[in-house]
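# What the coordinates show
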Amino acid sequence: MKTPQKLKGQAAIITGGDSGIGRAVAIALAEAGAKVLVNFAHNHDAAYEVVKIIKDTGGKAFAHQCDVSKEDEVKAMFATAIKKYGTVDILVNNAGLQKDSKFVDMTLEQWNTVISINLTGQFLCSREAAKEFIKRGMVKKRSAAAGKIICMSSVHEIIPWAGHVNYAASKGGVSMFMKSIAQELAPHQIRVVGIAPGAIQTPINKPAWETPAALNKLLDLIPYNRIGQPGDVGKLAAWLASDDADYITGTTIFVDGGMALYPGFADNG
Ligand code: BGC
């Protein structure tokens, strides 16, 4: 069955759209009718593969390289999207990475890299998106909102994570960043929402699922008893960007099979 075209004619930017969750989000938004800029930082071939998948199924997409932590590159990315598609209706702040280390051994570079991409990147991209949304205003035939920003967070916006303090701090920051700009932008009819994925089977957490023993250990943390798939998040992002979610702003939806439910307490406490 063909996906309903709930994002028809809307232009979307998906940062880190070349792999993992971002790839699934780019494909899901395109399936719902959006024209998609697939952003990538380094992996040109992977981004072009996502573009090809979208085009092969009749969608519109192009790939664009940009390091989301660089202000000039982010500005250039938005200018390119606006030149190509006329405007931007949806931003998915998805680009993110991990640089794991024991706390006492963590270098300033590991800290700064994660904060720059995961948090500052969301600031730079959201600011450009908000400026364009406010300048353009609402276009009723396209969407009930004047623009939508989706901030990819993680269960680690609330679950502390030893050995990953830079990552957990960046996601805690994303949560408060998302809520604060949602409050500021709501009067402009701009919606801002968060998605907090749990363990989704992607390259970022391969060591946690690549062997049966690792996967079994991981499943102890997931009451629903299966690892998440990128499509679980893609479908949610397409729905949140659509008018079906028009009264939702400033909140985070967890897509985690119950990981954030303190599973250790199921038979303890
Ligand atoms: C991390 C993954 C991890 C998951 C659950 C995600 O945000 O990027 O590496 O498996 O959270 O802990």
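Preceding this paragraph is the structure being described.
Residues numbered from 1 in each chain as written. Predicted model: local features only at pLDDT ≥ 70, side-chain atom pairs only at ≥ 80, totals over all residues. Heavy atoms only, no water.

## Describing helix H1 (residues 20-31)
The terminal C-alpha atoms of H1 lie 17 Å apart, and with 12 residues this matches the ideal 16 Å at 1.5 Å per residue to within 8%. Within H1, 10 of the 12 residues are buried, which leaves it mostly tucked inside the rest of the structure. For H1, every residue scored as buried is listed here: Gly20, Ile21, Gly22, Ala24, Val25, Ala26, Ile27, Ala28, Leu29 and Ala30. Two residues or fewer past H1, Gly33 is found with a positive phi of approximately 105°. (Helix = DSSP H or I, 4+ residues; strand = E, 2+ residues; numbered from the N terminus. Expected span 1.5 Å × (residues − 1). Buried < 20%, exposed > 50% of the residue type's maximum accessible area, 1.4 Å probe, protein only.)

## A few points about helix H2 (residues 44-56)
Given a rise of 1.5 Å per residue, 13 residues ought to cover 18 Å, and the 18 Å separating the end C-alpha atoms of H2 matches this to within 8%. Within H2, burial applies to Ala46, Ala47, Val50, Val51 and Ile54. Buried residues of H2, viewed axially, fall in a sector of 145°; they line one side. Opposite the packed face of H2, turned more than 90 degrees from it, sit the exposed residues Asp45, Lys52 and Asp56. Elements in contact with the buried residues of H2: H1, strand E2 (35-40) and strand E3 (60-65). At the C-terminal side of H2, Gly58 shows a positive phi close to 90°. (Arc of directions from axis to C-beta. Contact = heavy atoms within 4.5 Å.)

## Description of the side chain of Asn118
By the element assignment, Asn118 lies in helix H4 (residues 108-136). Looking at Asn118, its side chain comes within polar contact range of the side chain of Ser170, at 3.2 Å. Not counting chain neighbours up to four residues away, the residues in contact with Asn118 comprise Ala95, Gly96, Leu97, Tyr167, Ser170, Lys171 and Val174. (Polar contact = N/O pair within 3.5 Å; in protein donor to acceptor, adjacent residues only side chain to side chain.)

## A few points about the sheet that holds E3
Taken together, the 7 strands give an open sheet; going across it, the order is E3-E2-E1-E4-E5-E6-E7, and neighbouring strands pair in parallel fashion. Edge positions in the open sheet fall to E3 and strand E7 (252-255), since each of these has one partner strand only. Pairwise comparison of adjacent strand axes, ignoring direction, gives a mean angle of 20° for this sheet. Bridge count for strand E1 (residues 11-14) against strand E4 (residues 90-93) is 3 bridges, and the pairing is parallel. Across the sheet, residue Ala12 finds its bridge partner in E4, namely Ile90. (Pairing = 2+ DSSP bridges. Axes fitted to C-alpha atoms, helices over the stretch in contact; angles between N-to-C directions.)

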